[in-house]
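As a plain string of letters, each chain reads:
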Amino acid sequence: MPKGNLFSGIQPSGRLHIGNYVGAMRNMIALQDDYQCIYGIVDYHAMTVPFKPEEMETRIFNCAVDYLAAGIDPNKSILMLQSTVSEHTELAWILNTITPISWLMRVPTFKEKRQQNPDYVNMGLLDYPVLMAADIILYKSVIVPVGEDQLPHLELTREIVRKFNAYFGETFPEPKEYLGKVTKILGLDGVNKMSKSLDNCIYLDEDEETIWKKLSTAVTDTNRKRRTDPGNPELCNIYTMHLAFSKEEDIDYCARECRSAGFGCLDCKKILLQNLYATLKPIQERQKELRNKPDYIYEVLRSGTIRAKRIARSTMEEVYEKLGIKKFHQ
Ligand code: ADP
């Protein structure tokens, strides 16, 4: 028996990076045996920033490939495209009517995105966390595997749930975050979160040579100016990547050698490359296979829509009952 439902989503923003994999995907895979998991390719979210419609189909296809290649099993979990289950936006509208604008104005990602695209500050960008709340509670999720950057959104989801339950009667559980061992990977700049929009990523489908080019110039502990200076692994994004990808003995070895200036940053990065690529190689092999099976990919998504819709419909019936309009939805 599953311990409950869970929803988590990834935007079809092109290619997944190792931050997405470590922060979210890896936990999504691990939770498949214990929960009824619904994993969304959240295309409505991806439309809140400028995009090219002619690229959308490929982006969605590639996102589905990445989910499956990384280990999402469609026999256990539901893989679906958000916009094909219209209940997501139906519920989002209702949640909009109980969410104060002031709550949304203080969300950190809204402030960041507003700065990144000052000419594209649309209602969708402000409303993003409400749609995300709808995504999650539509399936009555009890936990949500996410990276650290999503915590304010999850707190907001719980506040919206409390408000809904208080106004209309107990309906939704308060979802808790499910965080992994490493909750945030910084970009190659060593300062900002690894994020596609900042172009500071290592992507899941990159070959060893490309990754090495990126890793070899990636920023480490900036206080370690010379090879002979001891470093501090706690201040180094390469060490965070070791924690996410390397074997226990390599992690210990690298921390020790760094602290004692026993080796240089390049030596440390070479060990990381081996461990990182050992994780990525089998994923890349499956990506190649799956890209040649478009019929299979579209079938997985079609069946995901049907399965997700069944759960979503039943929640909406309950919501309409609570709102006093069920009679008209029968
Ligand atoms: P992005 O931030 O690259 O646009 P998404 O918003 O689609 O990616 O996020 C998908 C999932 O990946 C979320 O759960 C998010 O917390 C996680 N995630 C994204 N970037 C990172 C990162 N640098 N480190 C850890 N987790 C991350």
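What counts, and at which threshold
- Residues numbered from 1 in each chain as written.
- Predicted model: local features only at pLDDT ≥ 70, side-chain atom pairs only at ≥ 80, totals over all residues.
- Heavy atoms only, no water.
- 1 Å grid on protein atoms, 1.4 Å probe; cavity = no way out; pocket = protein on both sides within 12 Å on 5 of 7 lines; lining within 4 Å.
- Points joined across faces, edges and corners; volume = space filled by probe spheres on them.
- Helix = DSSP H or I, 4+ residues; strand = E, 2+ residues; numbered from the N terminus.
- Nonpolar A, V, L, I, M, F, W, Y, C, P; charged D, E, K, R; others polar.
- Domains from an automatic or database assignment.
- Contact = heavy atoms within 4.5 Å.
- Salt bridge = Lys/Arg side-chain N within 4 Å of Asp/Glu carboxyl O.
- Polar contact = N/O pair within 3.5 Å; in protein donor to acceptor, adjacent residues only side chain to side chain.

Caption draft 1: Inspection of empty space enclosed by the protein at higher detail. Applying the stated criterion to the full structure yields one cavity of 30 Å³ or more. Considering only enclosed or pocket space, the largest cavity measures out at about 90 Å³ in volume. As for the largest cavity, its lining consists of Thr220, Asp221, Arg224, Pro233, Cys236, Ile238, Tyr239, Cys258, Phe263, Gly264, Cys265 and Cys268. Of all elements in the fold, only α10 (237–245) and α12 (265–291) reach the threshold of two or more residues within the lining of the largest cavity. For the lining of the largest cavity, the residue count by class is eight nonpolar, two polar and two charged.

Caption draft 2: Looking closely at the domain arrangement of the protein chain. Taken domain by domain, the protein chain holds domain 1 (5–184 + 294–329) and domain 2 (208–288). Using C-alpha coordinates to define each centre, domain 1 is positioned 33 Å away from domain 2. With 12 residues of domain 1 at the interface, the matching set in domain 2 holds 11 residues. Linking domain 1 with domain 2 are zero salt bridges. At the boundary of domain 1 and domain 2, one finds four residue pairs in polar contact (both at pLDDT 80 or more). When residues of the side of domain 1 that touches domain 2 are traced back to their parent elements, those giving at least two are α1 (18–30) and α3 (53–70). Ranked by residues supplied to the side of domain 1 that touches domain 2, first place goes to α3 with five residues. Classifying every residue of the side of domain 1 that touches domain 2 gives eight nonpolar, no polar and four charged.

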